[in-house]
Amino acid sequence: EENKAEGDSGTVDVMAPCRQLLTELEQHEAAWPFQMPVNGRRFPTYHKVIVQPMDLHTVKERLESDRYKTRDDFCADVRLIFSNCDLFNEDDSPVGEAGHAMHTFFEERVTQLWGDT
Ligand SMILES: Cn1cc(C(=O)NCCN2CCCC2)ccc1=O
């Protein structure tokens, strides 16, 4: 049933900016390492080092299944992608550089959308 607590006629879709931002991340040219979970067979040490893997497809599934109740919940999973990347990759590696580029882009868009400091 429609949320009757809203001042306007319908419910407010607070997660709409998150879906838009996720689409921008997926379309970023540096997104190639982050689209799907890291393959543990190709990188056998990955799950020894990274305790909570995260990737853009997993974020998309969680967003579309209403698993995120606030934008901060969404942002925390996206930031996990970048902190995992920093931990597992050299800064001057192709994946490390892609992670830094994506992280910078993400935080710039978060500031534009929500004015976070
Ligand atoms: C996040 N991350 C990703 C990788 C990686 O190489 N991913 C494969 C990317 N391929 C591109 C086309 C198919 C898959 C390695 C370490 C790491 O931390």
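(A) Expanded view of the layout of surface pockets. When its volume is computed, the largest pocket comes out at roughly 380 Å³. Lining the largest pocket are 19 residues, with Pro33, Phe34, Val38, Phe43 and Val95 positioned closest to its centre. Here the lining of the largest pocket gets four residues from one element, more than from any other, and that element is helix 4 (residues 71-88). Taken together, the residues of the lining of the largest pocket sort by class into 13 nonpolar, four polar and two charged. The calculated volume of the second largest pocket comes to roughly 170 Å³. Of the residues that constitute the lining of the second largest pocket, the class distribution is four nonpolar, no polar and six charged.

(B) Layout of the packing of helix 1 (residues 16-27) against helix 5 (residues 94-114). Where helix 1 contacts helix 5, the axes come no closer than 11 Å and their chain directions differ by 155°. Taken together, the axes of helix 1 and helix 5 are roughly antiparallel relative to one another. Classified by chirality, the crossing of helix 5 by helix 1 is right-handed. Contact residues: Pro17, Cys18, Leu21, Glu24 and Leu25 in helix 1; Met102, Phe105, Phe106, Arg109, Val110, Leu113 and Trp114 in helix 5. Residue composition of the contact of helix 1 with helix 5, grouped by class: ten nonpolar, no polar and two charged.

Calculation notes
Residues numbered from 1 in each chain as written. Predicted model: local features only at pLDDT ≥ 70, side-chain atom pairs only at ≥ 80, totals over all residues. Heavy atoms only, no water. 1 Å grid on protein atoms, 1.4 Å probe; cavity = no way out; pocket = protein on both sides within 12 Å on 5 of 7 lines; lining within 4 Å. Points joined across faces, edges and corners; volume = space filled by probe spheres on them. Helix = DSSP H or I, 4+ residues; strand = E, 2+ residues; numbered from the N terminus. Nonpolar A, V, L, I, M, F, W, Y, C, P; charged D, E, K, R; others polar. Axes fitted to C-alpha atoms, helices over the stretch in contact; angles between N-to-C directions. Parallel < 35°, antiparallel > 145°, perpendicular 65-115°, else oblique. Left-handed = near helix turned anticlockwise from the far one by under 90°. Contact = heavy atoms within 4.5 Å.

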